[in-house]
Amino acid sequence: MAQVIAFAGSNSKNSINKQLATYAGQLLSDVSVNVLDLNDFELPIYSMDIETADGIPEPATQFFNLIQKSDGIILSLAEHNGGFAAVFKNIFDWMSRINTKLFVGKPMLLMATSPGGRGGASVLSMAEAHFPYYDAKVIEIFSLPAFGANFSEGKITNVDLNTELQTKVKAFQTAL
C-alpha cells in the first residue's frame, strides 16, 4: 500500500491549510496517509552558526526521513505576505542542508487556501517555480479561494471546486 504524507506549510493550531491537506488525503483510496503537523518538528531559526556549532537538528532529519520514506506528498501552503509561512521556510531551509534535493522526486499535490479570493495564488506561484529545483515532482496544483465560504465540516462545499480537487487527487494517486 502506498504511503503518503500530508501537511500544511503552517504552524497554526487551526490551520485551514492543514484542514485542506487532510481532506485531500481522505480522497485517496487504498493509500495510507500520515497527516503531519509542523508543530511536532520544532526547530531553531536556521543559522549557519547553529549548524556549524550543533549540526542539523534532529527534527529536521526526522521530517526529511518521512519525505524519503513516503511514496508521495500532499502539501497545502499557507501564504504570509505573499510568501511561505516562516515555519515552512525554516524547515525547508534546514532540510535543504541535509539534501538540496529535499523532495527526492516524490510526486506532489501542491495546494493552498486562504480566506481571500486568490486562495494563496502568490505562494503557489512561488512554490511552482522553485520546488522543481529541489526535486519536487509537482503532479497537480490546486487553489481553494475563500476558505470560509467553500469549506465546512471537513470538506469542500462548493461542488465545482470539490470536483476539481477530486480530479487532481486522482491524477496524483495515479503518479504514486
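Our structure's up above, just so we're on the same page.
Residue numbering note: each chain is counted from 1, following its sequence as written. The predicted origin of the model limits local features to residues at a pLDDT of at least 70 and limits the giving and counting of side-chain atom pairs to 80 or more, whereas totals for whole chains, interfaces and linings rest on all residues. Just so you know, side-chain values use all the structure's heavy atoms and leave hydrogens and water out.

I would appreciate a short explanation of the overall build of the protein chain in the present structure.
Comment: elements are numbered from the N terminus, with helices defined as DSSP H or I runs of at least four residues and strands as E runs of at least two. A count of helical and extended segments in the protein chain gives 7 helices and 9 strands. Referenced to the eigenvectors of the C-alpha coordinate spread, the extents of the protein chain come out at roughly 50 × 35 × 25 Å. We call a residue buried when its accessible area falls under 20% of the maximum for its residue type, exposed when it is over 50%, and partly exposed in between, using a 1.4 Å probe and counting protein chains only. In the protein chain, which comprises 176 residues, the proportion classed as buried is 44%. For the protein chain, the proportion of contacts with a sequence separation of at least 24, taken over those separated by at least 6, is 81%. Areas reported here follow the Shrake-Rupley algorithm with a probe of radius 1.4 Å; residue values treat only the protein chains shown as occluding. Entry remark: accessible area of the protein chain is about 8500 Å², with carbon and sulfur atoms responsible for 48%. In this tally Asp and Glu are treated as negative and Lys and Arg as positive; neither His nor the chain ends contributes. Charge coordinates come from a single atom per side chain, which is NZ of Lys, CZ of Arg, CG of Asp or CD of Glu. The centroid of the 12 positive side-chain charges in the protein chain is displaced by 4 Å from the centroid of its 17 negative side-chain charges. Contacts between residues were defined by any pair of non-hydrogen atoms, one from each residue, lying within 4.5 Å.

How should empty space enclosed by the protein be read in this particular structure?
Empty space left among the atoms is revealed by rolling a probe the size of a water molecule over them. As defined here, a cavity is a set of points on a 1 Å grid over the protein atoms alone where a 1.4 Å probe fits but cannot get out. A pocket is an open set with protein on both sides within 12 Å along at least five of seven lines, and residues line them when an atom is within 4 Å of a point. Grid points are joined across faces, edges and corners, and a volume is the space filled by probe spheres set on the points. With the rule as written, the count across this model stands at 1 cavity of 30 Å³ or more. For the largest cavity, the calculated volume is near 40 Å³. Taken together, Ala-8, Ser-10, Asn-11, Ser-12, Ser-15, Lys-18, Leu-36, Asp-37, Leu-38 and Asn-39 form the lining of the largest cavity. Each residue receives one of three labels: charged for Asp, Glu, Lys and Arg, nonpolar for Ala, Val, Leu, Ile, Met, Phe, Trp, Tyr, Cys and Pro, and polar for the others, Gly being one of them. Residues that form the lining of the largest cavity fall into these classes: 3 nonpolar, 5 polar and 2 charged.

Is there a simple way to think about the layout of surface pockets in this case?
Empty space within the largest pocket amounts to approximately 160 Å³. Every residue along the wall of the largest pocket is listed here: Asn-11, Leu-38, Asn-39, Phe-41, Glu-42, Leu-43, Pro-44, Ile-45, Val-87, Asn-90 and Ile-91. For the lining of the largest pocket, a count of residues per class yields 7 nonpolar, 3 polar and 1 charged.

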